[in-house]
Amino acid sequence: MLAWVFQFAVLAIVLAIVAWLVNNVRVNSSEQNIPTGFAFLDQPAGFEIPGNSFRQSQSVSAAIYQGFLNTLRVALAGIVLATILGVAVGVGRLTTNWVVRTICKVYVEVLRNIPLPGIVSFVYLGVVLAMPRTQDSWKLGPLVVANVRGVSVPWVTGSFLRFVLVLLAASAATYAVRRWRLAVNARTGEPAKVGWWAVPVFVLVAFWGAVLVGNGVTTPELEGRLTTGGMTFQPEYFALLVSLVIYTASHIAEIVRGSIQAVPKGQVEAAGALALGSWQRLRFVVLPQAFRIALPAFGNQYLNLMKNSSLGFLISYFDLTKVVSTSIGNRSPAVPAYLLLMVIYLAISLTIAGVVNFTNRRLQLVTR
Amino acid sequence: MRRSAHRRLAVVALPIVLVAASCSSNDDSADSPAGTDAAAETTAPAGDSGSETTDTVELTQDSGSVLDSVKSAGTVRCGTRDALPGFAVLQDDGTHQGFDSDFCRVIAAAVLGDAEAVDHVDLETADRFTALQSGEIDVLVRNTTWTASRDGVEGATFLHPNFYDGQGMMVAADSGFTSLEDMNGTVVCVASGTTTEGNVSTEFARRGLQVEVLSFDDTDLIQEAFVGGRCDGWSSDTSQLSGLRSAYPDGPDALTILPEVFSKEPLAPAVRDGDSAWAQAVDWAILSTIQAEEYGITQANVDDMLTSENPAILSFLGVEVDGTTLDPGLGLPADFAYQVVKQVGNYGEIFERHLAPLGLERGVNALWNEGGLMYAPPYR
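Residues numbered from 1 in each chain as written. Chains lettered and ligands numbered in written order. Predicted model: local features only at pLDDT ≥ 70, side-chain atom pairs only at ≥ 80, totals over all residues.

Asks: Got a minute to help me understand the overall build of chain A in this structure?
Replies: What chain A contains, in helices and strands, is 11 helices and eight strands. With the C-alpha coordinates of chain A rotated into their principal frame, the extents come out at 85 × 75 × 40 Å. A separation threshold of at least 6 residues defines the contact pool for chain A, and within that pool the share at least 24 residues apart is 67%. (Helix = DSSP H or I, 4+ residues; strand = E, 2+ residues; numbered from the N terminus. Contact = placed C-beta atoms within 7 Å.)

In structure tokens:
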């Protein structure tokens, strides 16, 4: 009973503080003629977004949507790559090979102890801006053009959505072939050779599928200062992505190391007794159990990575934060704009947390 | 158990916060006419008390006008910047030097009679209006362009421009660009949070040229990006470009400023909306430098001018003529113009001191009777 009274008292205090703050904003804003509503979202943005067809006459809400997409672009790619790199480094810290172990240790200890803005600025100034100027671009045949304006690679033309559907169809076909080969192997004892079958099937289905739905290929070409055709990765995107990945991976690596060490030793010894090789022990016994332990901590790192992507403003990467602050520089009112910014970040964070928690529940051991 | 209770609390509190916020914005649009009325009412008595304080300085902190709070605090908090050559540079000894910094001193000399009673507050470009709105500074003298939207939305009242500027483009001297027309498909770097981003896009679109605009908070980063070849052009107001060019590491000759000037940028001081007593005081402090130049009053001869034959000059300097001293009711001391010129100088002197060394001509910033735009209403 007392606990309930306490809960309500806390709730009342929180609400009173919030109400006081909201009222403060309202009164002060109206005294100073600052609009507090969200009408600014329909105003023309007044700025353009690099690497994007967004025009300055489009609305602020459209600009914020592009910023949202840019945040997702860097956060999702960052989460995937940081996980891969982090797991590799974390496993590397536990190998018996002295060289690999030491490299991984130095990597973790250096990167997790540097503030991220430092890494972002260093990667941008030291790596990206040190790329060759447009007139001395690096070229790899007709496939890649790289200079300080970005790295361009071949890309599909036509509907990208259709191309994704084609890739999904090819994946489905590959999976079916794999099941068929495994079934043949189980029935007749003939070697399955999944790779021999699956890779050509994937390539053939994807290629002919793309031709059928009207996708083509465009390769990058250098015309004076401009690179036309292909898909250009903006240097700012690249610098931010690399910084987020190497920084977050150093934290993930420590989680992986701790989680592997938390797997009971008897599991490894039992796997050894079954004559599993060291790779098999890792792949089938240790890592699956370690991941179950690591997943909630991974979720935290994913959230951190997503929020850290707001450092893109340092290097003119137009993520959500950069778009909103640029928009405030172009007369959007600060308080409602930042409120909107926080709500969008909150929504993205809660979505990521939701996915991680859902996966966590599915992977949890069912005990009675 | 505790954890789940906390979570429940958060879940309950969040929608309430959001609902409260959205309600407030609805209420606000309905309330706003009433709000402005209230503001207008409060400024009227503030103006009265402002004229009273000319003879006896009262320590009235809650009467509303910044003019009173500045007088009682004894310093002017002036929003400025720390690294814009010619306009405001933070020196190694901790003082601010430059054109804008001197106009901060002009305001302090006029209101408080002491040009050094200034607290120079360094602000990032994107934070400057927030600092003004929140009352962190009393006046913003920071290369700020007067535009309609800023007048309307930022809660700022702009005063008489102290410099008429225009946006230009700077390129590397060996780039081969001689006009904007050569710059199709280029990348231009600008400072973020300014009107320059939109101006570049608009100007290139008008000429049918393609451009990509990158914006950075930090001028040093723009310079790095420019040196590294990430951008071909560096666009800003021509006054700023002149300053940046003079401080360029490879020397000013490595850079060229293209002839086109493609925007109007009247740089004006700004104060908060709804405080006309303070706005008038700051406005006339700035106008007095222009009027002094027109009268030919300089830092060197201002003491001689106190015995001038011209009654207009005498009343401008606050000298008693036939037993009367002109008090226009601005809430400023009678001798404010004398203090401004004596301690800081007239408009032309401030310009020569800080902007002429950058290679800037008077141009449109000359006096009105010399073909420029600098024109002060009559002081009578």
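Asks: Sorry, what's going on with the overall build of chain B here?
Replies: Each helix and strand counted, chain B has 13 helices and 15 strands in total. Across chain B, every contact between residues at least 6 apart in sequence was considered, and the portion connecting residues at least 24 apart equals 71%.

Asks: Please explain the nonpolar core as it appears in this structure.
Replies: The nonpolar side chains of a soluble globular protein tend to be buried, and buried together. L240 of chain A together with C189 and A225 of chain B are the most contacted members of the largest nonpolar core, which totals 86 residues. The element contributing the most residues to this core is helix α7 (residues 235-262) of chain A, with 14 residues. Look past the residues within four positions of C189 of chain B in its chain and what remains in contact with it is L214, F216, I222, A225, F226, C231 and W234 of chain B. Counting residues in hydrophobic clusters, the runner-up holds 68 residues, among them V70, L132, M305 and F336 of chain B. (Core = buried A, V, L, I, M, F, W, Y, C linked by C-beta atoms within 7 Å. Buried ≥ 20, exposed ≤ 12 C-beta atoms within 10 Å, placed from the backbone.)

Asks: Even after reading the chapter, I still don't get the packing of helix α4 (residues 116-128) of chain A against α7 of chain A, so can you show me in this structure?
Replies: Helices that pack against each other are described as a pair by the angle of their axes relative to one another and the distance between those axes. Residues and elements named next belong to chain A. In the contact formed by α4 and α7, the axes pass within 9 Å of each other and the chain directions differ by 135 degrees. In terms of their interaxial angle, α4 and α7 are classed as oblique. Taken as a pair, α4 and α7 cross one another with a handedness that is right-handed. Facing L116, I119, V120, V123, Y124, V127 and V128 of α4, the residues of α7 in contact are P235, F238, A239, L240, V242, S243, I246 and Y247. (Axes fitted to C-alpha atoms, helices over the stretch in contact; angles between N-to-C directions. Parallel < 35°, antiparallel > 145°, perpendicular 65-115°, else oblique. Left-handed = near helix turned anticlockwise from the far one by under 90°.)

Asks: Before we go on, may I ask you to explain the packing of helix α5 (residues 160-188) of chain A against helix α6 (residues 194-213) of chain A in this structure?
Replies: Residues and elements named next belong to chain A. Taken N-terminus to C-terminus, the directions of α5 and α6 make an angle of 155 degrees; their axes are 8 Å apart at the nearest point. The orientation of α5 with respect to α6, classified from their angle, is roughly antiparallel. When you trace α5 past α6, the crossing you get is right-handed. Where α5 abuts α6, its residues R162, F163, V166, L167, A169, A170, A173, T174, V177, R178 and R181 lie against V194, W197, A198, V201, F202, V205, A206, G209, A210 and V213. Residues belonging to the contact of α5 with α6 are distributed by class as follows: 16 nonpolar, two polar and three charged. (Nonpolar A, V, L, I, M, F, W, Y, C, P; charged D, E, K, R; others polar.)

Asks: Hey, could you run me through the sheet that holds strand β2 (residues 83-84) of chain B in this one?
Replies: Sheets are built from strands paired through backbone hydrogen bonds, the pairs being either parallel or antiparallel. Residue and element names in this part refer to chain B. Ordered in space as β2-β3-β4, the three strands form an open sheet in which the pairing is antiparallel. At either end of the open sheet lies a strand with only one pairing partner, and these are β2 and β4 (96-97). In this structure, β2 lies alongside strand β3 (residues 88-90), joined through two bridges in antiparallel fashion. Pairing of L84 across the sheet is with A88, part of β3. (Pairing = 2+ DSSP bridges.)

Asks: I tried to follow the sheet that holds strand β13 (residues 255-257) of chain B on my own but got confused; where do I start?
Replies: Residue and element names in this part refer to chain B. Across the sheet, which stays open at both edges, the five strands sit in the order β11-β10-β12-β9-β13 with mixed pairing between neighbours. The open sheet has two free edges, formed respectively by β11 (211-216) and β13, since each of these has just one partner strand. The average undirected angle you get between the axes of adjacent strands in this sheet is 30 degrees. Across three bridges, strand β9 (residues 167-172) lies against β13 in antiparallel orientation. Bridged to V171 within β13 is T256. Across the sheet, helix α7 (residues 219-227) touches β10 (186-191), β11 and β12 (233-237), and the angle it forms with β10 is around 165 degrees. Its contacts with the sheet place helix α8 (residues 238-246) against β9, β12 and β13, and it is angled at close to 125 degrees to β12.

Asks: What is the right way to look at the pairing of strand β3 (residues 150-153) of chain A in this model?
Replies: Along any regular strand the residues' side chains alternate between the sheet's two faces. All names here are of chain A. Relative to β3, strand β2 (residues 144-147) is paired through three bridges, and the arrangement is antiparallel. Its bridge partner being in β3, V145 is matched across the sheet by S152. Turn length for the β2-β3 hairpin, with the two strands adjacent in sequence and antiparallel, is two residues. Note that β3 and strand β8 (residues 231-233) share three bridges and pair antiparallel. Its bridge partner being in β8, S152 is matched across the sheet by T232.

Asks: What is the right way to look at α6 of chain A in this model?
Replies: Because each turn of an α-helix spans 3.6 residues, side chains separated by three or four positions in sequence point in the same direction. Across its 20 residues, α6 of chain A extends 28 Å between first and last C-alpha, which sits within 8% of the 28 Å expected from 1.5 Å per residue. Remark: G214 of chain A follows α6 of chain A within two positions and exhibits a positive phi of approximately 95 degrees. (Expected span 1.5 Å × (residues − 1).)

Any functional reading would require information beyond the geometric quantities listed.
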